[in-house]
Amino acid sequence: MKGGKTLISRLYERLDGKVIIAAELEDSDMEGMNVDELSAMALSFFREYDGLRVLDKKTLGEIIKGLESKEPLVVEVLQQPSFKPVAKEFEPKFRMRNTPLEKTGATVNDFASYFRDRYKRLRDMLSTSNIGMVISSDKIGQYANGREVSIVGMVYDKIVTKKGNIMVTLEDEYGSSKVIFIRPSSPDRRDQSSLFDSAMKLVHDEVIAVKGKTGAPPFVIANKLIWPDVPVHARKQTREDLAIAFTSDVHVGSKLFLEDKFIKFIEWLNGNVETGRDLAGKVKYLVIGGDLADGIGVYPGQDRDLAILDIYKQYSTFFKYIEDIPDYIQIFIIPGNHDAVQLAEPQPVLPEEMIGDFKRDNVHFIPSPSYVEIEGLTSLIYHGNSLDSVIHSIPGCSYSRPEIAMVEILKRRHISPIYGDTPIVPSKKDTLVMDIAPDILHMGHVHKNGLAEYHGTQVINSGTWQARTDYQIKLGHIPTPGLLPVYETRSGRVTNVDFNGL
Ligand SMILES: [Fe+2]
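Residues numbered from 1 in each chain as written. Predicted model: local features only at pLDDT ≥ 70, side-chain atom pairs only at ≥ 80, totals over all residues.

Visitor: Mind laying out the overall build of the protein chain, listing which residues take part and the relevant values?
Guide: A tally of regular secondary structure across the protein chain gives twelve helices and 19 strands. The C-alpha atoms of the protein chain give 26 Å as radius of gyration, which agrees with the globular expectation for 502 residues (23 Å, within 12%). Oriented by its inertia axes, the alpha-carbon framework of the protein chain measures out at about 85 × 55 × 45 Å. Out of the 502 residues in the protein chain, the part that is buried amounts to 42%. Taking the intrachain contacts of the protein chain between residues at least 6 apart in sequence as the baseline, contacts between residues at least 24 apart amount to 70%. (Helix = DSSP H or I, 4+ residues; strand = E, 2+ residues; numbered from the N terminus. Rg over C-alpha atoms; globule rule 2.2 N^0.38 Å. Buried ≥ 20, exposed ≤ 12 C-beta atoms within 10 Å, placed from the backbone. Contact = placed C-beta atoms within 7 Å.)

Next comes the structure, spelled out in structure tokens:
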């Protein structure tokens, strides 16, 4: 039971008056069942039903039986003959920038050189901002007290002192310094409070610049905090009126995979859905941001939640849907944390044994993260594994607004700024540093759609095709399944196409 409500009353809310619940039904009849899944199945069960829609014990039994044996239908989708998509008339223009993935032994030395590379590259980025004279941490003592200096370092530690100030330990190649962010003396001190609020958002292992006044070594009293950040830039607008559709978190194989909505989406791409048909015809590119399948053994007891228990079958089913997408659409596919690839980042492309016989020239398997230049727009595509640690660590971030966390990631110019929660491969070059400021940053992972524009970068989280899981119910997360963000390359407009009502 959640929030004191009975299963029956939660089911009643979800059915929204469309189906009557018989008085004979009791909570015990649906014990252990997911109410979202059950209500979705009941609504679809009664969809074509003309009589009085009553959910009684007998019907519930039939629905439960259907749920237990639920395997996707995978119907073949044919293109609407009258559909004349504008996207078909143009040659695709794209370039994939794949950094070769290094294998390392993950020794202490590998990690040391990985972090050194991260520090140096982010420091170089910071030095192009107007940060003044940068001194190394070991030189602080050479300056008189109160002298204005700048330092660049990686955050090693952040604590709140007894006086309520924030003290950050910053490391550079020569040692470490202690930077103090003074707690605002009164709420009127706007200058102090905005600096203090920024300092509250600092996370371990990120690289920043601080301007401040020297104190007794190794202390510096901060008066400015600078992130590597994305410069304000104008996004390219194309002459051709084309579109890029972004999606993720399909979770084929899960009992909660919303197959009817996903098929509707494929139908839409084929011109079989009236709503938004013009927009569908503009779609020349489709990006799939990971969690293609639900996987096997991703979390304890997952087999209870699976409609397809065979991992190969999960992928072959996924590819059957992909086969029905028109072949003039270029499709870019990255893996996610549920997919059958290594979890440590960067995640390599989906292995061939999962791809099996599927082969199409318009489908490109790429690592996570990856840069793809599409119609001159630099798109950074990443599943979003680091969103968990960013949301947990930075005040103001939440699962309900993933775009805010994505902007924090952009500011830090690093895909996974906090080391620890998300495993990484310690390559010599830290490929998670954002060398190029992207025009579009696309992620998924949190199953919640979100859009934002930051310094000219379009931020997109593409939601999911999976209904609310028990895990999400427990954590209070509310996903937004069936919403497809589509970016138009001429206007720069993003539309969330809603497949829930179609
Ligand atoms: Fe997912």
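Visitor: Break down the sheet that holds strand β10 (residues 283–289) for me, with residues and values.
Guide: The sheet built from six strands is open, its strands ordered β12-β11-β10-β9-β18-β19 with mixed pairing. In the strand order of this sheet, the two ends are held by β12 (363–365) and β19 (494–498), each with one partner. Ignoring which end each strand starts from, the neighbouring axes of this sheet average 20° apart. Here strand β11 (residues 330–334) pairs with β12 via three bridges, running parallel. (Pairing = 2+ DSSP bridges. Axes fitted to C-alpha atoms, helices over the stretch in contact; angles between N-to-C directions.)

Visitor: Please give an account of the pairing of strand β7 (residues 207–214) that cites residues and values.
Guide: Across the eight residues of β7, six count as buried, placing the element largely inside the fold. Looking at chain direction, strand β4 (residues 148–160) and β7 are connected through seven bridges and run antiparallel. Residue pairing across strands places S150 opposite K211, the latter belonging to β7. Two strands pair when backbone bridges link them, and β7 and strand β8 (residues 219–226) are joined in this way by six bridges, in the antiparallel orientation.

Visitor: Could you give an account of the sheet that holds strand β17 (residues 457–462), with specific residues and numbers?
Guide: Strand order across the open sheet formed by six strands is β3-β13-β14-β15-β17-β16, with mixed pairing between neighbours. Edge strands, defined here as strands with exactly one partner in the open sheet, are β3 (94–97) and β16 (449–454). Taken over all neighbouring pairs, the strand axes of this sheet differ in orientation by 20° on average, direction set aside. Here β16 pairs with β17 via six bridges, running antiparallel. In the strand pairing of β17, N449 is matched with S462.

Visitor: If you had to explain helix α1 (residues 7–15) to someone new, which residues and values would you point to?
Guide: In an α-helix, one full turn covers 3.6 residues, which means residues spaced three or four apart are oriented alike. Along α1, the residues that are buried comprise L7, R10 and L11. Viewed along the axis of α1, the buried residues span an arc of 100°, placing them on a single side of the element. Note on α1: the residue one or two positions beyond its end, D16, has a positive phi of about 55°. (Arc of directions from axis to C-beta.)

Visitor: Run through the nonpolar core, naming residues and quoting values.
Guide: Residues V210 and V283 are the most contacted members of the largest nonpolar core, which totals 115 residues. Excluding anything up to four places from it in sequence, V283 contacts A87, A243, A245, L269, I329 and V486. (Core = buried A, V, L, I, M, F, W, Y, C linked by C-beta atoms within 7 Å.)

Visitor: I'd like a rundown of the pairing of strand β14 (residues 377–381), residues and numbers included.
Guide: The element β14 is extensively covered by neighbouring structure, given that four of its five residues are classed as buried. Relative to β14, strand β13 (residues 370–374) runs antiparallel, the two being bridged by five bridges. What sits directly across from I374, in β14, is L377. Both β14 and strand β15 (residues 440–443) contribute to a ladder of three bridges, which runs parallel. Bridge pairing links S379 to I440 in β15.

Visitor: Describe in detail unusual backbone geometry, supporting the description with residues and values.
Guide: Look at the link from P217 to P218: it is a cis peptide, with omega at 5°. Take P218: it is sitting in the loop between β7 and β8. Its identity is not glycine, yet D205 carries a phi of approximately 75°, on the positive side. On the secondary structure map, D205 appears in the loop between α5 (190–200) and β7. Of note in this structure, H445 is not a glycine but carries a positive phi near 75°.

Visitor: So what's going on with the environment of C397? Residues and values would help.
Guide: Here C397 is to be found in the loop between α10 (387–393) and α11 (402–412). Along the backbone, C397 and E408 are eleven residues apart, and their C-alpha atoms lie at a distance of 8.7 Å. Excluding residues that lie within four positions of it along the chain, C397 makes contacts with V390, I391, I404, A405 and E408.

Visitor: Just give me the short version of the environment of T238, but keep the residues and values in it.
Guide: In this fold, T238 is placed in the loop between β8 and β9 (243–247). On a C-alpha basis, the gap between T238 and R490 in space is 4.6 Å, while along the polypeptide they are 252 residues apart.

These results come straight from atomic positions and should not be treated as a statement about function.
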